[in-house]
Amino acid sequence: PRRTLHNLVAGAAIAVFGLVSLAGCKIHGKSDDKTDTTSGASATGSPGVDSGSSLPDICTLISKEDVAGLTGHTVTQMSNEGGNSSNARYCQWQLTEGQLNVQVDNETREQFDVRNQQSNTVDGIGETAYTLAGHLYVYQAGKVVDVYATSSTSDSANLDVEKETAPKILAKLQ
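As the structure is a prediction and not an experimental result, all values here were calculated from the model.

### Here we look at the nonpolar core
And step 1. W93, V102, V104, I125, L136, V145 and I169 are the most contacted members of the largest nonpolar core, which has 28 residues in total.
And step 2. Where this core is concerned, the elements lending two or more residues are α2 (64-71), β2 (88-95), β3 (99-106), β6 (135-140), β7 (143-149) and α4 (155-173).
And step 3. Sequence-distant contacts of V102, that is, excluding residues within four places in its chain, are made with I58, R89, Y90, C91, W93, V145, D146, V147, T165 and I169.
And step 4. In terms of nonpolar packing, the next biggest core, distinct from the first, is built from five residues, F112, Y130, Y137 and V144 among them.

### Describing the packing of aromatic side chains
And step 1. Following the criterion strictly, the structure yields three aromatic pairs and no others.
And step 2. Look at F112 and Y139: their rings are 5.6 Å apart centre to centre, the planes differ by 35°, and that puts the pair in the tilted class. Of this pair, F112 sits in helix α3 (residues 109-113) while Y139 sits in strand β6, and the two are 27 residues apart along the sequence.
And step 3. The class for Y139 is buried, based on a relative accessible area of 7%.
And step 4. Taken together, F112, Y130, Y137 and Y139 form an aromatic cluster joined through their ring pairs.

### Quick word on the state of the cysteines
And step 1. A full pass over the atoms with the stated rule returns one disulfide.
And step 2. The disulfide partner of C59 is C91, and the S-S distance across this bridge is 2.0 Å. A torsion of 100° about the S-S bond marks the disulfide between C59 and C91 as right-handed. Of this pair, C59 sits in the loop between α1 (2-22) and α2 while C91 sits in strand β2; the two residues are 32 residues apart in sequence, bridging distant segments of the chain.

### A word on unusual backbone geometry
And step 1. We note that A133 has phi near 50°; this positive angle belongs to a residue other than glycine.
And step 2. With a relative accessible area of 70%, A133 lands in the exposed category.
And step 3. At A141, a position not held by glycine, the phi torsion is positive, near 50°.
And step 4. Within the element layout of this structure, A141 appears in the loop between β6 and β7.

### Describing α2
And step 1. Among the residues making up α2, those that are buried are V67, L70 and T71. Here the buried residues of α2 occupy an arc of 85° about the axis, which is enough to place them on one side. In α2, the exposed positions that point more than 90 degrees away from the buried face belong to E65 and G69.
And step 2. Where α2 is buried, its residues contact β1 (75-80), β2, β3 and α4.

### Some thoughts on the pattern of salt bridges
And step 1. Tallied over the entire structure, the rule returns one salt bridge.
And step 2. Note that R109 and D113 form a salt bridge whose closest N and O atoms lie 3.1 Å from each other. With R109 and D113 both in helix α3 and four residues apart, the pair spans about one turn of that helix.
And step 3. The class for R109 is partly exposed, based on a relative accessible area of 31%.

Parameters at a glance
Residues numbered from 1 in each chain as written. Predicted model: local features only at pLDDT ≥ 70, side-chain atom pairs only at ≥ 80, totals over all residues. Heavy atoms only, no water. Core = buried A, V, L, I, M, F, W, Y, C linked by side-chain atoms within 4.5 Å. Buried < 20%, exposed > 50% of the residue type's maximum accessible area, 1.4 Å probe, protein only. Helix = DSSP H or I, 4+ residues; strand = E, 2+ residues; numbered from the N terminus. Contact = heavy atoms within 4.5 Å. Phe/Tyr/Trp six-rings, centres within 6.5 Å; stacked < 30°, edge-to-face > 60°. Disulfide = S-S within 2.5 Å. Arc of directions from axis to C-beta. Salt bridge = Lys/Arg side-chain N within 4 Å of Asp/Glu carboxyl O.

Don't take any of this as a statement about function, it's just geometry.
Following this line, the structure appears as structure tokens:
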């Protein structure tokens, strides 16, 4: 009897903890969830722009074919953050080998210019650009484009992919 009571109390405690843990979770498909913006549709009527963000859905700016052309690999999966932030958007393309990530943030030039001392300036892209830890960061007209590629066998080849990707994204942000 004492063992049964102990098991009953432990089971009740686990059940209460589970309910409390799930209380803040949303159930996909409920009316207060953000709409999926990967289709390019939005409440504002602007293609690819979520009503809570001034930034477009990054996944709609370049096609899977464009990504394949830039990286040399086929896109196997594509995902984004769903418009949860008004100041940052991203898209990630999983490839047959590696991935390509693009994030766009609203930022001032002053914010962008505060950077790690180990960064290296990259000329010829945007108003100013640098590379750090495998990422290419490009500033233009209040937007920062962060491109990260792992589709090639060397860091320099990945940087070449990033340098080709950034201008395509920047052109669509104007």
